[in-house]
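Survey of secondary and tertiary structure
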Amino acid sequence: MKYIILCSFFILLGCRKKDLPQKIYYPSGKLNYILDKKEDTTKITFFDKNEKAAMHLSFYKDHFVGNISYGKNPNLPFKDSIVVDSIKGPYFYGTEYIFFAKSIKLMGTFRYKRNSDFRKALRSIQPFGVHNTFDMNGNIIGKDDNIIINDTVYNTKIEL
């Protein structure tokens, strides 16, 4: 009898409901994003209007971790990724890189506000420092210098 009760207990533990990815749709019925929660980290995949994956990121408590990767547009010769690399106080920071066929270029840095709602954290993005603009071959064609004062971004062009 003890054996049957013990076996039943292990079977019930094995049948626990696993967290399934949650799909969020636009009012039009098209897929907006998928949330896939694993322990304390949620992997988020956003989709474009054709329901192709457009952005991948991971969210932990109140900030993004790892890379924020943008889906490659087949019409463009590069892909884009922001590497979340530090946290300080109420903010976290990321460095954006552009990946061309034969080189990796530094685009610039961004600041985000920490927030338990990943949508608010994502919308809080602000550029700071020097940001480069590239042509389709990876040549720098422009530079901007951004400073943040009281959550307002001030931008100046740098002559090349």
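Scope of this entry: the structure provided in the associated data block. (Residues numbered from 1 in each chain as written. Predicted model: local features only at pLDDT ≥ 70, side-chain atom pairs only at ≥ 80, totals over all residues. Heavy atoms only, no water.)

Attention now moves to the packing of aromatic side chains. Tallied over the entire structure, the rule returns 11 aromatic pairs. Measuring from centroid to centroid gives 5.5 Å for tyrosine 33 and phenylalanine 118, while their planes differ by 85°, and the two rings are edge-to-face. Residue tyrosine 33 is found in strand β2 (residues 31–38), and its partner phenylalanine 118 is found in helix α2 (residues 118–123); the two are separated by 85 residues along the sequence. For tyrosine 33, a relative accessible area of 6% translates into the label buried. For phenylalanine 118, a relative accessible area of 9% puts it in the buried group. An aromatic cluster is defined as three or more aromatic residues linked by ring pairs; in this entry it consists of Tyr33, Phe46, Phe59, Phe64, Phe92, Tyr112 and Phe118. A cation over a ring is seen here: lysine 79 above phenylalanine 99, with NZ or CZ 5.9 Å from the ring centre. One Lys or Arg, arginine 111, reaches over the ring of tyrosine 91 and ends 3.8 Å from the middle of that ring. (Phe/Tyr/Trp six-rings, centres within 6.5 Å; stacked < 30°, edge-to-face > 60°. Helix = DSSP H or I, 4+ residues; strand = E, 2+ residues; numbered from the N terminus. Buried < 20%, exposed > 50% of the residue type's maximum accessible area, 1.4 Å probe, protein only. Lys NZ or Arg CZ within 6 Å of the ring centre and 35° of its normal.)

Backbone hydrogen bonds are what pair the strands of a sheet, in a parallel or an antiparallel way. Spatial ordering of the open sheet is given by β1-β2-β3-β4-β5-β6-β7-β8-β9-β10-β11, a layout of 11 strands whose pairing is antiparallel. Two strands in the sheet have a free side with no partner beyond their single neighbour: β1 (22–25) and β11 (152–158). Sheet twist, expressed as the mean angle between neighbouring strand axes with direction ignored, is 20°. In terms of strand pairing, strand β4 (residues 53–60) meets strand β5 (residues 63–70) through 5 bridges, oriented antiparallel. Paired with phenylalanine 59 across the bridge in β5 is phenylalanine 64. (Pairing = 2+ DSSP bridges. Axes fitted to C-alpha atoms, helices over the stretch in contact; angles between N-to-C directions.)

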